[in-house]
Structure formats: C-alpha cells, structure tokens
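Here is how the chains run, residue by residue.
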Amino acid sequence: MKVTLKDGSSKEYSQAMSIIDIAKDISEGLARVACVAELDGEVVDLRTIVDGEHTLNILTFDSDEGKAAFRHTASHVLAQAIKRLYPNAKCAIGPSIEEGFYYDFDIAPLDREALDKIEKEMKKIVKEGATLERFTLPRQEAIDLMKKREEPYKVELIEDLPEDAEISFYQQGEYIDLCAGPHLMNTKPLKAMKLISSSGAYWRGNEKNKMLTRVYGTAYTKKADLDAYLEHLEDIKKRDHNKLGRELELFTTVDVIGQGLPLLMPKGVQVIQTLQRWIEDEEEKRGYMRTKTPLMAKSDLYKISGHWDHYKEGMFVLGDEEKDKEVFALRPMTCPFQYYVYKASQKSYRDLPCRYGETSTLFRNEDSGEMHGLTRVRQFTISEGHLIVRPDQMVKEFKDCIALAQYCLQILGVEEDVTYHLSKWDPENREKYIGEPEVWNETEEDIRQILIELNIPFTEDVGEAAFYGPKVDINAKNVYGKEDTMITIQWDALLAEQFDMYYIDENGEKVRPYIIHR
C-alpha cells in the first residue's frame, strides 16, 4: 500500500491501515490533534481503513473540515446530554455551522438555567471519553432501530433517503445517532464547549411543521480560544444594529403592530430620505426612467409571471381563491408591474434599452424565526430597476448594473466588505425553475465571463438562482458573521415570453427582449 501525503512525500506499508494509525506513524503529535482526513479529495473519518494507492491529507482543527468534524461531534455530545436529562426529547438534526453547531429537539423551550444544566452534563460525557463507533444498516433495519428508540424525525429522514443509500450511524456510549459523519475518534478533545442560546425552529424550515427547540453552541480545542470567542460575542452585541437603532432613535418595533413591521422614527426617516434622493438622482444620471406602481395586484398578474406558483408562500394574499371572484396580493417585487409600463406602447429596437427605476415598498411574508431588526422584515423599501434590452445590449447593460452597484458600495464605504456570488440553478431540482437547461447553462456562462472580464473574484452557489434566471448576488457579513445579500443583479431570458413582450427590429420583425432585474 502506498500513501502520498500533502507535502508530496510518500509512505509505503505492507498492509491496509486505518488513517489514525498512519497519522501515528507520521507523528504521535499529529495523531493527537488530527480531526479528520482528506482521502483522494473526500473528507473521511480517521477510522477509515486505507488500502491501495491514495493521496492523503490529515486535517486538524485549523482546517475548515477539521473544525466542522470537531463541532459536529460536539453536537452529538449535546444530543446525548439532552437525552440523559430529558429522556422523552426527540432528536431532529444537529449540523456544524460556521461558528459552532446547533441541534434541533422536540422539547419544551429551554432557558439559560436549563442550558447551564445541559452544559454540565456535556462535560461529564467528555470526561467519560467514549469512543465514537460507526456502523451501517440496511434501510428497513435502520428504520426499525429508530422506531425502537422512539426517534420519529430520524425515521422520516431515513424514509426520504434513496433506496440504495448507505445508512450510517454513530454510537458513543448509550447514544446512537443517524449521521453521515465524519466525526472525531472519541469525545476526549471536546474540552472547551459552550451553549450559546436557544430559539425556536420549524422542522425542516417549514412553518407548516412543528416548532422545535434549537440549541446553539460552539466548541474549541483550547479554553483561551473559547474565551476569546465569547468576548467577541459580547462585543458584537454592543454593535448590533437592532440595539443601536433603538438607542439612536432611528426605528422601533411594537408588538401590537407586528413582527417585521418597524416604525421609522424622525431621525431614521432623515437617513432614508437622504439615501433615496441620492440614489434616484444617480439613477437619473444613468438613464433610468422613474415609475410608480401599485402596492398590490390581482393574482392574475402573479400567475402570468410565475410568482403565484413559485413564490405564493412568501406573499401576503388578500382574499380566498375558493370563494372570492378576485384575489389580490401585496407585491413582493415590482418587475411584473413595470413590464406593463413597457407594454403600454409599441417599442422599436431604437427605443431600447428601457431602464425603469422605482424606489419601491415591498411586502414579503417572512418566517418569524428569520426576522431580526431591519435585516429581515415583512415591509421594506428598496431601490430596484428593470432594464428591457436587446440581446446584443445585454452584456454592456449588465456590466453597467455592476458598476452602479460598485459605485454605491464605494460611496457608502463598504466596497471592501462584500463578496460576489454567481447564483445558479439546481438541475437536480427542476421544479423550482422555468425554462430549459440550455438557456440556464448559456446565461450562467454569460455572467461567469462578465465577472472574469471585470476581474471580480466570485464563488458559484448552486440552487440560489431566481426561478427565472441566474444572478450576481453581492453579500456582506453582519456583526454575527452571517452573510446577507445587499444587492442582486439578475439575468432574465425567460419572462419576456410569459408577458408577450417584444420590440420591432430593423427588419420589421417582432423580437423578444432580455430583462435585467437590479
């Protein structure tokens, strides 16, 4: 057996070995701090047996993959502690996240006193130093095991897996969890853990499902690093816009008005007015024509655009489809309204591009658990534009939209704080989108080439596209480290057909325009 290491060196062994034993052969010190390994590009357990010729990279907590395995193991320790203290609790899911981990339980809400009690039990489990053992079961045996252990959420997860999926479990002491892994070899390294908070979370993120209790925590290899992180959390609480906005009397919220419906106070309105006048003047300089469209429309409009089929759950619907002759909805976006501004008169190729801009108030039925201050709200006002362009104008106009976005970021002093993302469709989830694969592949490649030409570093995110087209999302991290999308620019080669939009070309023929949503 031959193993090639990350530094290019090779080691040969006379027989198959586990990765942890290979790590010990390299260095006892490495074996002590190893979390997981990368075997031929795949992240695996240290308990994995290696045979044949492979490339191997042993990963510690300093790597993203090592942190993820470390904290995922901590989430299992949390679940084991919960099951000891609350035997009737049902376990849902418990992944690692960027700054730690969480686990969802079907259990009554937990206060700080309860979290401290659970944390104490977690420390006991770590001292026990149980080894994590991985095993697999056939589908029916896996279901039977989780039914026997009275874990209905795990049963549901197994039943949703493909028939031929390998169903793996991890066991530490008396606790068994459905899990793909990877995990640490045992619980001993988890000496610096802290449960941060608890909140509600719908099962599978669907508000129609049961509200579960989500427990957030974090874990480090050293207490000093944990203490530094906890100090950081205290610091960012002081810088949370939700706290500062109230102290500075920019906005407030009132229970009887409703969650996600902030009241802008006089100082906050001054800020809003200054921003609005600035961006509207800037858009006018760049050739935008202003529109002012209704705050609601009949469901017929959203059925034409596709929003009724793809986005109705996120809309505030006025009326009952079963009973009422007409059903309305508050607008979640202005694009279909502005299309009818375009359609009000016949356009020739000389009239394009038509750049429509509106400072629009929108309404979206956000989940209660998603809302925080002004970050996610149910009524908000944005600067948005819809550009109706000839196909030959699309690249230039798209670049100009990126230039406008960069100008705004520069003026506001945050141009260095953002990341760019090419948000693509998910070909494995076709029902979320309209249009054919060829159109999606072509338009995604167009955006990719634009970003490369503009020398903009970007990442590609599958499944984040709008239902009608790919987009560039410009994101920034908030004080809690979560990325929020500040600006989006969308390439739409499909909705013009839905609305029978066209222009007359130089040959007198009807031609479909392209649309940019900005």
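For the structure itself, consult the block above.
Because the structure is a prediction, the values reported are computed rather than measured. (Residues numbered from 1 in each chain as written. Predicted model: local features only at pLDDT ≥ 70, side-chain atom pairs only at ≥ 80, totals over all residues. Heavy atoms only, no water.)

Trainee: Quick one: what's the story with the sheet that holds strand E4 (residues 34–39), residue by residue and with numbers?
Mentor: Ordered by their spatial adjacency, five strands build an open sheet running E2-E1-E7-E4-E5, and the pairing between neighbours is mixed. Because the sheet does not close on itself, it has two edges, and the strands there are strand E2 (10–12) and strand E5 (42–44). Between one strand and the next, the sheet's axes are offset by a mean angle of 30°, whatever the strand orientation. In this fold helix H1 (residues 19–26) packs onto strand E1 (2–5), E2, E4, E5 and strand E7 (53–60), with an angle of close to 75° to the strand it touches most, E7. Along the sheet face, helix H3 (residues 64–85) touches E4, E5 and E7 and points at about 125° away from the line of E4. (Pairing = 2+ DSSP bridges. Helix = DSSP H or I, 4+ residues; strand = E, 2+ residues; numbered from the N terminus. Axes fitted to C-alpha atoms, helices over the stretch in contact; angles between N-to-C directions. Contact = heavy atoms within 4.5 Å.)

Trainee: Please provide a residue-by-residue account of the sheet that holds strand E12 (residues 167–172), values included.
Mentor: The strands making up a sheet are joined through hydrogen bonds of the backbone, oriented either antiparallel or parallel. Strand order in this open sheet of three strands is E11-E12-E13, and the pairing throughout is antiparallel. Every other strand in the sheet has two partners, leaving strand E11 (133–137) and strand E13 (175–178) as the edge strands with one partner each. Pairs of neighbouring strands in the sheet enclose a mean axial angle of 30°, with direction left out of account. In this structure, E12 lies alongside E13, joined through four bridges in antiparallel fashion. Bridge pairing links Gln171 to Ile176 in E13.

Trainee: Please provide a residue-by-residue account of the side chain of His54, values included.
Mentor: Assignment of secondary structure puts His54 in strand E7. There is a polar contact of 2.6 Å between the side chain of His54 and the side chain of Asp40. Residues contacting His54, with those up to four places away along its chain left out, are Lys2, Val3, Thr4, Leu39 and Asp40. (Polar contact = N/O pair within 3.5 Å; in protein donor to acceptor, adjacent residues only side chain to side chain.)

Trainee: Explain the packing of aromatic side chains to me, and be specific about the residues and the numbers.
Mentor: By the definition in use, this model includes 18 aromatic pairs. Pairing Tyr220 with Tyr229 gives two aromatic rings, centres 5.8 Å apart and planes at 40°, and the pair type is tilted. A residue is classified by how much of its surface remains accessible, and Tyr220, at 11% relative accessible area, is buried. Residue classification places Tyr229 among the buried residues on the basis of a relative accessible area of 12%. (Phe/Tyr/Trp six-rings, centres within 6.5 Å; stacked < 30°, edge-to-face > 60°. Buried < 20%, exposed > 50% of the residue type's maximum accessible area, 1.4 Å probe, protein only.)

Trainee: Now, about the nonpolar core: what can you tell me, with residues and values included?
Mentor: With 38 residues, the main nonpolar core has Leu78, Phe105, Ile118 and Met122 as its most contacted residues. Those elements giving two or more residues to this core turn out to be E4, H3, strand E10 (100–106), helix H4 (112–128), strand E14 (192–202), strand E15 (211–220) and helix H7 (223–238). A per-element tally of this core places H3 first, with eight residues. Apart from residues lying up to four places away in sequence, Met122 is in contact with Ala74, Val77, Leu78, Ala81, Phe101, Met193 and Leu195. Grouped together as the second largest cluster of nonpolar side chains are 31 residues, Ala329, Tyr342, Cys354 and Tyr503 included. (Core = buried A, V, L, I, M, F, W, Y, C linked by side-chain atoms within 4.5 Å.)

Trainee: For unusual backbone geometry, give the residues involved together with the corresponding values.
Mentor: Geometrically, the link from Gly181 to Pro182 is a cis peptide bond, its omega value of 0° lying close to zero. Secondary-structure assignment places Pro182 in the loop between E13 and E14. Residue Pro353 is reached from Leu352 by a cis peptide bond, and omega for that bond is 10°. Structurally, Pro353 can be placed in the loop between helix H12 (335–343) and strand E22 (354–363). Of note, the phi angle at Glu249 is positive, near 60°, even though the residue is not glycine.

Trainee: Requested: an account of helix H5 (residues 139–148), with residues and values cited.
Mentor: Among the residues making up H5, those that are buried are Arg139, Ala142, Ile143, Leu145 and Met146. The arc enclosing the buried residues of H5, seen along the axis, measures out at 160°, which places them on a common side. In H5, those exposed residues whose orientation departs by more than 90 degrees from the buried face are Lys147 and Lys148. Here the buried face of H5 lies against E11, helix H6 (152–159), E12 and E13. Positive phi shows up at Glu150, right after H5, with a value of about 55°. (Arc of directions from axis to C-beta.)

Trainee: Lay out the side chain of Gln393 in plain terms, naming residues and giving numbers.
Mentor: If you trace the backbone, Gln393 turns up in the loop between strand E23 (379–389) and helix H13 (394–411). By relative accessible area, Gln393 is classed as buried at 11%. Among residues more than four places away in sequence, those in contact with Gln393 are Leu352 and Pro353.

Any functional reading would require information that these geometric values do not contain.
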